[in-house]
Amino acid sequence: MRHQEAGALTGAPVPMREPGGLVIGSGFVAGAGWAIELAHLAPGHMASLILLARDLYPHGALHDEAYARALLGYDRAREAPEVATGIAMLDAAALGFGYRRYVDMPETLRAGLRQEIPDCAFLARLRRELVTGLYGQPEVCAAL
């Protein structure tokens, strides 16, 4: 029995699929062949961060897992509120484009949205930290 069918029968939370193929559930985010357990971040926020990281540093050769590993430092109690505020800001800006959430927007419109808020402290910090978090992974260097 597939997990979604089992969840419907048992009343367990059924994971939802996010754009780009990510699956989010209660306390985890997963992709094809990988999963990360989260202690402090909402799984939807991590899914948004992964998509945002991919948008900021797009590499078709990299799997979402590399982006997720680069973002694990945000899964701390002191970081979760800032991430929630940053994602809420992006989602609010997405409303101006006619979408409920940043992750619901097509890639071309997400780029336009980010152009409108380039001085955002949240995005500036994420850009800086992804340079070492993403490109500091030996697997990423080998893939590029």
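Since we're looking at a predicted model, the values are computed, not measured.

**Q** What exactly am I supposed to notice about the packing of aromatic side chains here?
**A** To describe a pair of aromatic rings, one takes the distance between the centres and the angle between the planes. Counted under the stated rule, the structure contains one aromatic pair. Here Tyr-57 and Tyr-135 contribute two aromatic rings whose centre-to-centre distance is 5.8 Å and whose plane-to-plane angle is 90 degrees, an arrangement assigned as edge-to-face. Taken together, the positions of Tyr-57 in the loop between α2 (43–56) and α3 (64–71) and Tyr-135 in helix α6 (residues 121–135) put the pair 78 residues apart, joining distant regions of the chain. The buried category is assigned to Tyr-57, whose relative accessible area is 17%. For Tyr-135, a relative accessible area of 26% gives the class partly exposed.

**Q** Got a minute to help me understand the packing of α2 against α3 in this structure?
**A** Packed helices, taken two at a time, are described by the angle between their axes plus the distance between the axes. Their axes nearest at 9 Å, the elements α2 and α3 cross at an angle of 110 degrees. One way to sum up the angle between α2 and α3 is to call them roughly perpendicular. The way α2 lies across α3 gives a crossing that is right-handed. Residues Met-46, Leu-49, Ile-50, Ala-53 and Arg-54 of α2 form the contact with α3, whose own contacting residues are Asp-64, Tyr-67, Ala-68 and Leu-71. Within the contact of α2 with α3, the residues separate by chemical class into seven nonpolar, no polar and two charged.

Rules of the game
- Residues numbered from 1 in each chain as written.
- Predicted model: local features only at pLDDT ≥ 70, side-chain atom pairs only at ≥ 80, totals over all residues.
- Heavy atoms only, no water.
- Phe/Tyr/Trp six-rings, centres within 6.5 Å; stacked < 30°, edge-to-face > 60°.
- Helix = DSSP H or I, 4+ residues; strand = E, 2+ residues; numbered from the N terminus.
- Buried < 20%, exposed > 50% of the residue type's maximum accessible area, 1.4 Å probe, protein only.
- Axes fitted to C-alpha atoms, helices over the stretch in contact; angles between N-to-C directions.
- Parallel < 35°, antiparallel > 145°, perpendicular 65-115°, else oblique.
- Left-handed = near helix turned anticlockwise from the far one by under 90°.
- Contact = heavy atoms within 4.5 Å.
- Nonpolar A, V, L, I, M, F, W, Y, C, P; charged D, E, K, R; others polar.

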